[in-house]
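Here is how the chains run, residue by residue.
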Amino acid sequence: MAAPAGSLVAAVLAHSGRLDKEHLGARVGRLSRRVEELKGEVCTMINKKYSEFLPSMQSAEDLVAQVEGLAKNIDLLKAGIENEVQRDLNVAVAEFTELKQQLERDTLVLSVLKKLQEFDTAIKECNSALLKKQYVTAAQQLEKARSSLRSLESRRGFELKILKALGTELTVQTQNIIYHLGEEWQKLIVWKLPPSKGSSSLEAVVLSELHLHTVPPQDEDTAVPPVAAVLQALAVLGELHSKLKDFGQLLLQYILKPLISQPSSLQPVPEEQPDVFILRFRSQEFALDESSPMEVFDKIRLVFEVLHKHLLKVPVEQPGEGSKEGRVTLAELLGELIWEELSDCLIHNCLVNSIPTNSSKLEQYKEVIESTEEFEKALKKMHFLKEDTTALLKYACNVDSHFANKKCQDVIMAARNLMTSEIHNTVKITPESSITLPELPDPGSGDHLKMLIPSNSVHNGTVNLGSESRLSPFTLCLPTCRISSSVQQLVELAYHTLLEATASTDLCCVQLFDCVRNIFQLFYEVVPTYHRENLQKLPQLAAIHHNNCMYIAHHLLTLGHQFHYRGTGVLRNGAATFVDLVPGFRRLGMECFLAQMRVQKGEILERLSSARNFSNMDDEENYCAANKAIKQVLHQLRRLGMVWQDVLPVNVYCKAMGALLNTALAEIVTRIAALEDISAEDADRLYSLCRVMVEEGPQVFTPLLEEDKNKKYQEEVPVYVHKWMTFKELMIILQANLQEIVDQWADGKGPLAEEFSAAEVKSLIRALFQNTERRAAALAKIK
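Please read all numbers here as calculations on a predicted model, not as lab measurements.

> Go over the overall build of the protein chain with me, naming the residues and quoting the values.
Check the secondary structure of the protein chain and you find 27 helices and 10 strands. A total of 783 residues make up the protein chain; the buried ones form 40% of that total. Restricting the contact set of the protein chain to residue pairs at least 6 apart, pairs at least 24 apart contribute 73%. Approximately 44400 Å² of the protein chain is accessible, and the part contributed by carbon and sulfur atoms is 54%.

> Please set out a nonpolar patch on the surface residue by residue, giving values where relevant.
Taken together, the side chains of Y50, F53, L54 and M57 present a nonpolar region at the surface, about 410 Å² in accessible area. Note that L54 resides in helix α1 (residues 2-131). Residue L54 is classed as partly exposed on the basis of its relative accessible area, which comes to 39%.

> So what's going on with the nonpolar core? Residues and values would help.
I255, L256 and F520 are the most contacted members of the largest nonpolar core, which has 132 residues in total. The dominant element in this core, judged by the number of residues it contributes, is helix α8 (residues 330-354), at 12 residues. Sequence-distant contacts of L256, that is, excluding residues within four places in its chain, are made with L251, I300, V303, F304, I338 and L342. Of all hydrophobic cores here, the second largest spans 72 residues; its members include C654, C690, I741 and V761.

> Explain the pairing of strand β4 (residues 277-283) residue by residue, including any values.
In the sheet, strand β2 (residues 209-212) pairs with β4 via four bridges, with the strands oriented antiparallel. Bridge pairing in β4 links H211 to I278. The pairing of strand β3 (residues 266-272) with β4 spans seven bridges and is classified as antiparallel. Bridged to Q267 within β4 is R282.

> Describe the packing of helix α17 (residues 582-608) against helix α18 (residues 620-643), listing the residues and the values that go with them.
For any two helices packed against each other, one specifies the crossing angle of their axes together with the interaxial distance. Following both chains from N to C, one finds α17 and α18 inclined at 160 degrees, their axes separated by 8 Å at the closest point. Between α17 and α18, the crossing angle belongs to the class labelled roughly antiparallel. In the crossing of α17 with α18, the sense of the turn from one axis to the other is right-handed. For the pair α17 and α18, contact is made by Q600, E603, I604, R607 and L608 and by A629, I630, Q632, V633, Q636, L637, R639 and L640, respectively.

> Just give me the short version of the pattern of salt bridges, but keep the residues and values in it.
In the structure shown here, the tally under the stated rule is 22 salt bridges. For E621, the salt bridge goes to R612, with nearest N and O atoms at 3.1 Å. The partly exposed category is assigned to R612, whose relative accessible area is 38%. Through salt bridges that share partners, E209, E271 and R280 make up one connected network.

> Provide a residue-level description of the packing of aromatic side chains, including the pertinent values.
Applying the stated rule across the entire model yields 11 aromatic pairs. Aromatic pair W191 and F247: ring centres 5.9 Å apart, planes at 50 degrees, arrangement tilted. One end of the pair, W191, is in strand β1 (residues 189-192); the other, F247, is in helix α6 (residues 240-261), and 56 residues separate them in sequence. Pair check on accessibility: W191 and F247 agree, each one buried. Ring plane angle 75 degrees and centroid distance 6.0 Å describe the contact between Y524 and F585, whose orientation is recorded as edge-to-face. Here Y524 is found in helix α14 (residues 506-530), whereas its partner F585 is found in helix α17, with 61 residues between them in sequence. On the basis of relative accessibility, which here comes to 28%, the residue Y524 falls in the partly exposed class. Taken together, the ring pairs in this structure connect F513, F520, F523, Y524, F578 and F585 into an aromatic cluster. The lysine or arginine in question, R685, covers the ring of Y623, its NZ or CZ lying 4.6 Å from the ring centre.

> How would you sum up helix α5 (residues 227-237)? Please name residues and give values.
It helps to recall that an α-helix has 3.6 residues per turn; residues three or four apart then point in one direction. The buried fraction of α5 is high, at 10 of 11 residues. When we look at burial in α5, the residues that qualify are V227, A229, V230, L231, Q232, A233, L234, A235, V236 and L237. As for α5, its buried residues are in contact with α2 (135-153), α3 (162-188), α6, α7 (293-312), β5 (315-317) and α8. Just downstream of α5 lies G238, where phi reads positive at about 75 degrees.

The rules behind each value
Residues numbered from 1 in each chain as written. Predicted model: local features only at pLDDT ≥ 70, side-chain atom pairs only at ≥ 80, totals over all residues. Heavy atoms only, no water. Helix = DSSP H or I, 4+ residues; strand = E, 2+ residues; numbered from the N terminus. Buried < 20%, exposed > 50% of the residue type's maximum accessible area, 1.4 Å probe, protein only. Contact = heavy atoms within 4.5 Å. Areas by Shrake-Rupley, 256 points an atom, 1.4 Å probe, with all protein chains shown as cover. Patch = residues over 30% accessible without salt bridge, like charges linked within 9 Å, V, L, I, M, F, W, Y side chains within 5 Å. Salt bridge = Lys/Arg side-chain N within 4 Å of Asp/Glu carboxyl O. Core = buried A, V, L, I, M, F, W, Y, C linked by side-chain atoms within 4.5 Å. Pairing = 2+ DSSP bridges. Axes fitted to C-alpha atoms, helices over the stretch in contact; angles between N-to-C directions. Parallel < 35°, antiparallel > 145°, perpendicular 65-115°, else oblique. Left-handed = near helix turned anticlockwise from the far one by under 90°. Phe/Tyr/Trp six-rings, centres within 6.5 Å; stacked < 30°, edge-to-face > 60°. Lys NZ or Arg CZ within 6 Å of the ring centre and 35° of its normal.

Quick look at the structure:
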């Protein structure tokens, strides 16, 4: 089956090959015919284009020939130009340049000659006008000459030796006209001053006069230059500024400032005569110590009005400006020169002194504000001030701030003086006494607190807390003690300042409240530093300072609350409080007093250190030393008791004296308990020394001046002296036998066991008694 299939495939392939060869042959024949057709068409087109190209080619060759001919002609012309025309052109340019330079030189020479002619003409006309006293014309011509000379000097590369001579001539002419104008100025404005110009006394001011010759004499025919001509000429020359500056300084020194500083003693007296105006002062015999700003403003306004009438209203034209814009009056120029200094003087020597020291007078200050406004308006009307100048009025209208600043300054100065005064000047404070305080105004509806000071019912009776409980009328009151009178005045000052704040504006109220806080903060910083040496050395001053701090802290607790319903702003919103200062003041007082206590304790221990440890009392020398130490300690305590008597509060006094006495007793107990051997004679002498302490120690407790009242506190010594019972038990041991000591111990439950430890009792027994069976038995029971 395989062979027939293969033969069949071969037969099919052979047949397909024959079919493809026939098809390809047909296509090749068609293509050959098409190629022949295209060849014929191309030959035809080429023959047609060639026949058209030959004439164009011939025309182009003709044009090339013509161009080559023209190029040859151009080269010939160029050669001719370079050889002949360029030479002639260079010669012409050189001649033109030379002519141009000569023209420029001639023009420059002509302009220089013209400027020289203008300079010469201006100088001649200036001299001519100066001879005729036509000062404005002379000044203008001089400025023209100056302009011409400046133009000549500005030309670079052109210098003339004559310019230096011209400058010298211009300077001479300038100084000449300035000299003449200066003479005219001195004739117009004459100052008659006292011999000593530096003197500012009232006598010197009264002798000062200002003469203004602003009106020409009626009986003379000579032409006198008017004031305006002299002033305008000075303005043209730029000298008016310096003249006005000198005039303004003299006006300030001899007229305006004396009127401000001594207005009640001086009265300006203007006098107008036919050819002169005179301004002088008349001294007022019955002058007031202080004068109001209204009086000062009236007198200064009078001075400016007469000066404006006779001098300051003269208009002058500023050089270099237009006729309208540059035309100003003498008052405007003078105001620019002296107003700043004059306004400062008015503020610091007049308005500052008029600021009220009490808020109740602030309403009256409106008169000052109105007067200040009228004063500034009058000066602006005379053109002495510009329209936007309001320095005085701004200061006067800001009276609330100035009042607060002045009030705070006065309060701080008063407080500082009190703080640096003597501490030992004291006043007695009792629960019954109350500080002298101002009565506050009625806070209004809803507030039942009518006065700052508690009502008398509180002092005279008790306060009901309910149906059964009652409080003493002196609950929360400061105990009886002595404080510095300056501190009492300081607290009164704080109350009065806060009362002032309640009647002031919000801004002023805040400043005054801060001022009161600053008072107490200043006390905290100043007093311990300023009085440091005395507080360290003098026990009484330390005690007084302790009381002062506690007194201030006592008032600070309620100081802000008392004004809570009467203020506005900071006082009413609850921020007005001084409670945060209380801990600091209490700490300040305690630290000072405790430092003094440490000094006294150190002195007690130092004296007891000379007692030779209370050992070998059978030695007379040792006994005398111990006895002397005991007496010195008691003397020190008695001295302190007298120094602090009626100064410290009773409870503080007793605690302080108890602590010092306790220090002495504890030191004695410690020294005696440390002894290893105590003979019978030593014990007797130690007992006698201890008895002195027990008998005389309570006598140092004298807190009150009345002796009979001190017995109560002397009987309460064990309350304040912690080692008192320990000391008495020690005395018992020194005189007791073994059995009595054992009984006092009572198996650790007796009074001896409460004061001494078993080891201490055993040590004392070993020191007091010899080593026997009885002592051993006693020691065995002490456990």
